[in-house]
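Structural overview
Below, each chain spelled out in residue letters.
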Amino acid sequence: MFEIEIDRTACDGIFACLARDGRFVEDETGLATIDADAEGVVEVARDDERNSVVATVEGNIDDAQLAAQACPPDAITVREVDT
């Protein structure tokens, strides 16, 4: 299991992540978020205090890591979590 965190302050809507991982989508404000209905997504939570979105995901971490690497403003963090 792993988490994907998107720093919405840093995200500038380039959407390189969308091309690397289908779990990333554009939200109504023009920023990246995680599709709560995508395969493997367990939960998506918005942290308004930190202005971020955190998704808990099961499955392959590789595409999420590629999406994070492709993000020019480094707005995406991917980390493994203990279950």
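Keep in mind that what you see is a predicted model, and the values were worked out from it rather than measured.

A closer look at the nonpolar core
Ranked by internal contacts, the top residues of the largest apolar core, which has 20 residues, are Ile4, Ile6, Phe24, Ile34 and Ile76. Counting residues per element, the ones that place at least two in this core are β1 (2–7), β3 (32–34), β5 (52–57) and α2 (62–70). Those residues in contact with isoleucine 34 that sit more than four places away from it in its chain are Ile4, Ile6, Arg23, Phe24, Val25, Val41, Val44 and Ala55.

Brief notes about the pairing of β1
Of all six residues in β1, five are buried, a share of seventy percent or more. Strand direction decides the pairing type here: β1 and β5, joined by six bridges, are antiparallel. Bridge pairing in β5 places phenylalanine 2 opposite valine 57. As paired strands, β1 and strand β6 (residues 76–80) are joined by five bridges and run antiparallel to one another. Considered in β6, the bridge of glutamate 5 is made with threonine 77.

So, how was this worked out
- Residues numbered from 1 in each chain as written.
- Predicted model: local features only at pLDDT ≥ 70, side-chain atom pairs only at ≥ 80, totals over all residues.
- Heavy atoms only, no water.
- Core = buried A, V, L, I, M, F, W, Y, C linked by side-chain atoms within 4.5 Å.
- Buried < 20%, exposed > 50% of the residue type's maximum accessible area, 1.4 Å probe, protein only.
- Helix = DSSP H or I, 4+ residues; strand = E, 2+ residues; numbered from the N terminus.
- Contact = heavy atoms within 4.5 Å.
- Pairing = 2+ DSSP bridges.

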